[in-house]
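Understanding the architecture of this molecule
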Amino acid sequence: MAWIGKVKIWFLTFFRDVFVYHNSSLEFRAKVFAAIIGANKKVDACEEKILEEVALEIYPDDPARADVLVMTTKEYVNKIVQNNGLDLNELIIAIDHELKDVRRFCDKINLEQLRRFLVCTENDEETQMIQRRILEFLENELEDFRKIR
């Protein structure tokens, strides 16, 4: 990507509240991806590749928006890793509150996309266990939401 493209993505990521259409939806998706990735305490090459693929699946006609999703997700993961005002439990609680406050966000969760990240931690039993619990939590939330609808 040319430097001008990188500057554009950085700008959109930094000022996403102002310039990114439906920012709250993108922000929510980033939190969900960060919860799964943050269980591993890093974004390694495997997770970055899957994240980029999934972002392009979500926004196939808007690669800039997909890049903003990737950058925003990495931002949340870095906050978890650096213990910079956010830990995994707080993030999951925030996701739970947002799901209850904005019911349409349930439609933004794709469990199959999230399960793809498990391949990156198949040699780390502890991280896989945490990721599977996060997936179970999200699955239960979606089931509860379907009962209410």
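Residues numbered from 1 in each chain as written. Predicted model: local features only at pLDDT ≥ 70, side-chain atom pairs only at ≥ 80, totals over all residues. Heavy atoms only, no water.

Quick word on the state of the cysteines
- Counted by the stated rule, this structure contains one disulfide.
- Paired through a disulfide, Cys 46 and Cys 120 show a sulfur-sulfur distance of 2.0 Å. Because the sign of the S-S torsion sets the handedness, a value of about -80 degrees for the bond joining Cys 46 and Cys 120 places this disulfide among the left-handed ones. Here the residue Cys 46 occupies a position in helix α4 (residues 45-58), and Cys 120 occupies one in the loop between α7 (111-115) and α8 (125-148), the gap between them amounting to 74 residues.
- The partly exposed category is assigned to Cys 46, whose relative accessible area is 30%. (Disulfide = S-S within 2.5 Å. Helix = DSSP H or I, 4+ residues; strand = E, 2+ residues; numbered from the N terminus. Buried < 20%, exposed > 50% of the residue type's maximum accessible area, 1.4 Å probe, protein only.)

Structural notes on the packing of aromatic side chains
- For the structure shown, the criterion picks out two aromatic pairs.
- Relative to Phe 105, the ring of Phe 28 has its centre 4.7 Å away and its plane inclined at 20 degrees; by these criteria the two rings are stacked. Separated by 77 residues along the polypeptide, Phe 28 in helix α3 (residues 23-38) and Phe 105 in the loop between α6 (88-101) and α7 bring together distant segments of the chain.
- Among the residues examined, Phe 105 registers a relative accessible area of 2% and is labelled buried.
- Measuring from ring centre to ring centre gives 6.0 Å for Phe 33 and Phe 117, while their planes differ by 55 degrees; the resulting arrangement is tilted. With Phe 33 in helix α3 and Phe 117 in the loop between α7 and α8, this residue pair connects regions lying 84 residues apart in the sequence.
- Its relative accessible area of 4% is what places Phe 33 among the buried residues. (Phe/Tyr/Trp six-rings, centres within 6.5 Å; stacked < 30°, edge-to-face > 60°.)

Let's talk about the nonpolar core
- Ranked by internal contacts, the top residues of the largest apolar core, which has 42 residues, are Phe 33, Leu 69, Ile 95, Ile 109, Leu 114, Ile 134 and Leu 138.
- Put simply, the parts of the chain that give this core at least two residues each are α3, α4, α5 (63-81), α6, α7 and α8.
- When sequence neighbours within four positions are dropped, the list of residues in contact with Ile 109 reads Phe 28, Val 32, Leu 99, Leu 114, Leu 138 and Leu 142. (Core = buried A, V, L, I, M, F, W, Y, C linked by side-chain atoms within 4.5 Å. Contact = heavy atoms within 4.5 Å.)

As for the environment of Arg 29
- Structurally, Arg 29 can be placed in helix α3.
- A relative accessible area of 14% means that Arg 29 is categorised as buried.
- Between the C-alpha atom of Arg 29 and that of Leu 69, which follows or precedes it by 40 residues, the distance is 7.7 Å.
- Those residues within four positions of Arg 29 in sequence are excluded, and the remaining contacts are Ile 58, Tyr 59, Leu 69 and Lys 108.

What about the environment of Val 54?
- You can see Val 54 is positioned in helix α4.
- Overall, the relative accessible area of 0% leaves Val 54 in the buried class.
- Distance in space between the C-alpha atoms of Val 54 and Gln 113 is 6.7 Å, their sequence separation being 59 residues.

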